[in-house]
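What follows is the residue order along each chain.
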Amino acid sequence: EDGRTITDTAVQAMNRVADGAKGIDSVIEGLDKIAFQTRVLAMNAAVEAGRAGEAGRGFAVVADLVSQLAMRSEEEASRARDQLSATQKDIVEAVQTVQQVEGALGTISGATSEVHQLVTTMATDNQAQASAISQIASAVQTMDQSTQQNAAMVEQTSAAARNLHAEVTNLSDQAGKFQVGGMRAPRTPPARPAVAVRGTGYVSPVKPLPVAAMASADAGEWASF
């Protein structure tokens, strides 16, 4: 933006120079006319000096010098006009170049605005991505905590299973100490036929004793039992 302001100032200055060159051309044209008129007057003076004879000889020399000076003034004015024309041409080219620079700066300014918009969009997207990553990190942390809790529960379950296995082994050893019919009860008792009880869903695994055996049992045996 600062560069465009500077180029605008340069274009305005060059336009003023071009206008000033046009004014100089007018001045040179006026000087050229004055030199031409001076040369004409010098020629007239030389003619009058020739008519005057010997008395006007010196005046004729002066008139000739004035005529030469007038011719040189015309030549210098012509050279100045040519130089001014070339300068005006250069000024026009310089103005066009500065205008091209201004156009390039305008393009750069527009592209910079687009880049700024893209950077703003990228910043917004980065913020959204950062928020999503934070949510993912929080979810991963929650999953890690759940995994640790599950691992602790698995360890507790494993320890409880080991304790239960030890208790079952101990109970099996204790049950093996009982004597049944003169024999050590096996660790795993044999399966017995189930007896259904009417009116309930319970099935007793113990086989009922015969009625006769119960009637013949002696009171003393029951006391000893």
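Our subject is the structure that appears above.
None of these values were measured; they are calculated from a predicted model.

Please set out the pattern of salt bridges residue by residue, giving values where relevant.
Considering all chains together, one arrives at four salt bridges under this definition. One salt bridge connects Lys33 with Glu29, and the closest N-O pair in it is separated by 4.0 Å. Taken together, the residues span about one helical turn, with Lys33 and Glu29 both in helix α1 (residues 2–52) at a distance of four residues. Two residues, Arg39 and Glu74, come together in a salt bridge whose shortest N-O distance is 3.4 Å. Pair noted here: Arg39 is in helix α1 and Glu74 is in helix α2 (residues 57–175), with a separation of 35 residues, a long-range link. In terms of burial, Arg39 and Glu74 fall into one category: buried.

Tell me about the side chain of Glu74, residues and numbers included.
The buried category is assigned to Glu74, whose relative accessible area is 15%. In this structure, Glu74 is in contact with Asp32, Ala35, Phe36 and Arg39, ignoring residues within four places of it in sequence.

If you had to explain a nonpolar patch on the surface to someone new, which residues and values would you point to?
Taken together, Val27, Leu31 and Ile34 make up a surface patch of nonpolar side chains, about 290 Å² in accessible area. Locating Ile34 in the fold gives a position in helix α1.

Go over the side chain of Thr7, please, and point to the residues and values.
Here Thr7 shows up in helix α1. Residue classification places Thr7 among the buried residues on the basis of a relative accessible area of 9%.

Give me α1: which residues, what numbers.
Its 51 residues give α1 an end-to-end C-alpha distance of 74 Å, which sits within 8% of 75 Å, the value for a rise of 1.5 Å per residue. Buried within α1 we find Thr7, Val11, Ala21, Ile28, Ala35, Arg39, Ala42, Ala45 and Ala49. Those residues of α1 that are buried lie in contact with α2. Downstream of α1 by a residue or two, Gly53 has a phi angle that is positive, lying close to 80 degrees.

I'd like to hear about the environment of Ser73, residue by residue, with values.
Mapped onto the secondary structure, Ser73 falls in helix α2. Linking Ser73 and Leu31, residues 42 residues apart in sequence, is a C-alpha distance of 7.9 Å.

Criteria and cut-off values
- Residues numbered from 1 in each chain as written.
- Predicted model: local features only at pLDDT ≥ 70, side-chain atom pairs only at ≥ 80, totals over all residues.
- Heavy atoms only, no water.
- Salt bridge = Lys/Arg side-chain N within 4 Å of Asp/Glu carboxyl O.
- Helix = DSSP H or I, 4+ residues; strand = E, 2+ residues; numbered from the N terminus.
- Buried < 20%, exposed > 50% of the residue type's maximum accessible area, 1.4 Å probe, protein only.
- Contact = heavy atoms within 4.5 Å.
- Patch = residues over 30% accessible without salt bridge, like charges linked within 9 Å, V, L, I, M, F, W, Y side chains within 5 Å.
- Areas by Shrake-Rupley, 256 points an atom, 1.4 Å probe, with all protein chains shown as cover.
- Expected span 1.5 Å × (residues − 1).

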